[in-house]
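Next come the chains, spelled out residue by residue.
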Amino acid sequence: MKDSLSAEQIAQYRQQGFIAIEGFLNAAELARWREATDDAVAKRLADKGWHALNNQGEGSDDYYKQVFVQCLKLADSHAGMHELIFDERLGRLAGTLAGVDGIRIWHDQALIKPPYGNPTAWHLDNPYWSFSSRNSISIWIALDDATLMNGCMAYLPGTHLTARHDNAGIGSTFGGLFNVYPEWKKMDATLVPVPAGSAVLHNGLTAHGAGVNMTSRPRRAMTCAYMPDGSTFNGQKNVLPDDYFQSLKPGDSLQDNRITPLIWQRK
Ligand SMILES: O=C(O)CCC(=O)C(=O)O
Ligand SMILES: [Fe+2]
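In this report, the structure presented in the accompanying data block is examined. Given the structure is predicted, the values throughout are model-derived calculations rather than measurements.

## Some details on the site of ligand 1
Okay, step 1: The immediate surroundings of ligand 1 are formed by Phe68, Leu111, Lys113, Thr120, Asp125, Ser138, Trp140, Gly151, His208, Ala210, Ala221 and Thr223.
Okay, step 2: Elements that contribute at least two residues to the shell around ligand 1 include exactly β3 (102-113), β5 (137-142), β9 (208-210) and β10 (219-228).
Okay, step 3: Of the residues that constitute the shell around ligand 1, the class distribution is 5 nonpolar, 5 polar and 2 charged.

Below, the structure written as structure tokens:
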């Protein structure tokens, strides 16, 4: 795992709000991530007990189902995935880029854009979550070559610096975010094609999306979203368990290691 960072990479991340690390996983690691993801997704889709944490059930609309197969919190139910996601090196990488002293897992998620799948509408990530931070960060690991043809990631550089916590949904209006942030409408996107095994990391407030999959093969990615240690509850439920959500009031620290595990702390 290519988990060391140069000062230039950190500076670029802070300015642009995203960075690509090509060859992040070696061939053996990539094989393991692919196997764990394929197995965890197949089991999750077959398990009715976890239907709330995938988007392929009756509750999801037909357009969204074809944006990607989304399976959340796979590490909670799959031992192989748990080992991969609970890796301190990932926490250190995220924490070093974000410039924070501790990193908690918010949620992992597999995002498999199906053959001829819909584009991923422009959005921000952090406004979906139960805490509001300017330093949240996600890692997106390409399990297939992510190309201009199959829906690689695309970013509006620097938008994390001016974003508010207002958002647009990942629905059928591809550019709905530009109605919320008309000041970004004249910007050109940076597309980030990367070979399989590469990682792309982005700030939870950087505007991003992905194009259609214009191929007959899936575009697989395994991702994890991270919360800076010390973040507080903002009143939104998102993926919090019911009983824990009921116990919280806005402003409470989200520090229960069973819910938001601390995977790295600055020494
Ligand atoms: O994989 C995609 O199409 C979108 C990914 C994304 O929005 C994210 O990782 O936050
Ligand atoms: Fe996103």
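## Here we look at the environment of Val194
Okay, step 1: Inspection of the secondary structure puts Val194 in the loop between β7 (190-192) and β8 (199-203).
Okay, step 2: We classify Val194 as buried; it has 21 C-beta atoms within 10 Å.
Okay, step 3: If we ignore the near neighbours within four places in the chain, the residues touching Val194 are Ala20, Glu22, Ala142, Ala146, Cys152 and Val200.

## Some thoughts on the nonpolar core
Okay, step 1: Membership of the largest hydrophobic core comes to 74 residues, with the highest contact counts inside it found for Ala94, Ile141, Met153, Val200, Leu201 and Tyr226.
Okay, step 2: With residues up to four places along the chain from it excluded, the contact list for Met153 reads Trp140, Ala146, Val192, Val200, His208 and Ala210.

## Re the environment of Arg92
Okay, step 1: Residue placement: Arg92 occurs in helix α5 (residues 88-98).
Okay, step 2: Residues Arg92 and Ser4 lie 88 residues apart in sequence; the distance between their C-alpha atoms is 9.2 Å.
Okay, step 3: Leaving out residues up to four positions away in the same chain, Arg92 has contacts with Asp3 and Trp264.

## What about α5?
Okay, step 1: Among the residues of α5, those classed as buried are Leu90, Gly91, Leu93, Ala94, Gly95, Leu97 and Ala98.
Okay, step 2: The elements touched by buried residues of α5 are α1 (7-16), β3, β5, β8, β10 and β11 (262-265).

## Some thoughts on the sheet that holds strand β4 (residues 120-123)
Okay, step 1: Pairing is antiparallel in the open sheet, where 4 strands are placed in the order β4-β9-β6-β7. Edge positions in the sheet fall to β4 and β7, since each of these pairs with one other strand and no more. On average, adjacent strands in this sheet sit at an angle of 20° to one another, irrespective of strand direction.
Okay, step 2: Where β4 lies against β9, 2 bridges are found, and the strand directions are antiparallel.

## Description of helix α2 (residues 27-46)
Okay, step 1: Its 20 residues place the ends of α2 29 Å apart at the C-alpha level, agreeing with the 28 Å of an ideal helix rising 1.5 Å per residue.
Okay, step 2: Within α2 the residues assigned to the buried category are Leu30, Trp33, Ala36, Thr37, Ala40, Val41 and Arg44. Within α2, the buried residues cover an arc of 135° as seen down the axis, which keeps them to one side. Exposed residues on α2 whose side chains face more than 90 degrees from its buried face are Ala27, Ala28, Glu35, Ala42 and Ala46.
Okay, step 3: The elements touched by buried residues of α2 are β2 (69-72), α4 (79-85), β3, β5 and β10.

## Description of the environment of Pro119
Okay, step 1: Position of Pro119 relative to the elements: it lies in the loop between β3 and β4.
Okay, step 2: With 32 residues separating them in the primary sequence, Pro119 and Gly151 have C-alpha atoms 7.0 Å apart.
Okay, step 3: Once residues within four sequence positions are removed from consideration, Pro119 is found in contact with Gly151, Phe174, Gly209, Ala210, Gly211 and Val212.

## So, the pairing of β5
Okay, step 1: Along β5, 6 of the 6 residues are buried, which leaves the element largely enclosed by surrounding structure.
Okay, step 2: Side chains Ile137, Ile139 and Ile141 of β5 all project onto a buried face; the interleaved residues Ser138, Trp140 and Ala142 project onto the opposite face, where all are buried too.
Okay, step 3: Inspection of the sheet shows β5 paired to β8 by 5 bridges, in the antiparallel sense. Its bridge partner being in β8, Ile141 is matched across the sheet by Ala199.

## Remarks on unusual backbone geometry
Glycine aside, the phi torsion of most residues is negative, and most peptide linkages are trans.
Okay, step 1: You will see that Lys73, though not glycine, has its phi angle at about 55°, which is positive.
Okay, step 2: Mapped onto the elements, Lys73 comes out in the loop between β2 and α4.
Okay, step 3: Its identity as a non-glycine residue notwithstanding, Asn238 has a phi of 45°, on the positive side.
Okay, step 4: Summarising the element assignment, Asn238 is placed in the loop between β10 and α7 (242-247).

What counts, and where the lines are drawn
Residues numbered from 1 in each chain as written. Chains lettered and ligands numbered in written order. Predicted model: local features only at pLDDT ≥ 70, side-chain atom pairs only at ≥ 80, totals over all residues. Near = placed C-beta within 6 Å. Helix = DSSP H or I, 4+ residues; strand = E, 2+ residues; numbered from the N terminus. Nonpolar A, V, L, I, M, F, W, Y, C, P; charged D, E, K, R; others polar. Buried ≥ 20, exposed ≤ 12 C-beta atoms within 10 Å, placed from the backbone. Contact = placed C-beta atoms within 7 Å. Core = buried A, V, L, I, M, F, W, Y, C linked by C-beta atoms within 7 Å. Pairing = 2+ DSSP bridges. Axes fitted to C-alpha atoms, helices over the stretch in contact; angles between N-to-C directions. Expected span 1.5 Å × (residues − 1). Arc of directions from axis to C-beta.

Everything listed here is a matter of coordinates, which is why it stays silent on function.
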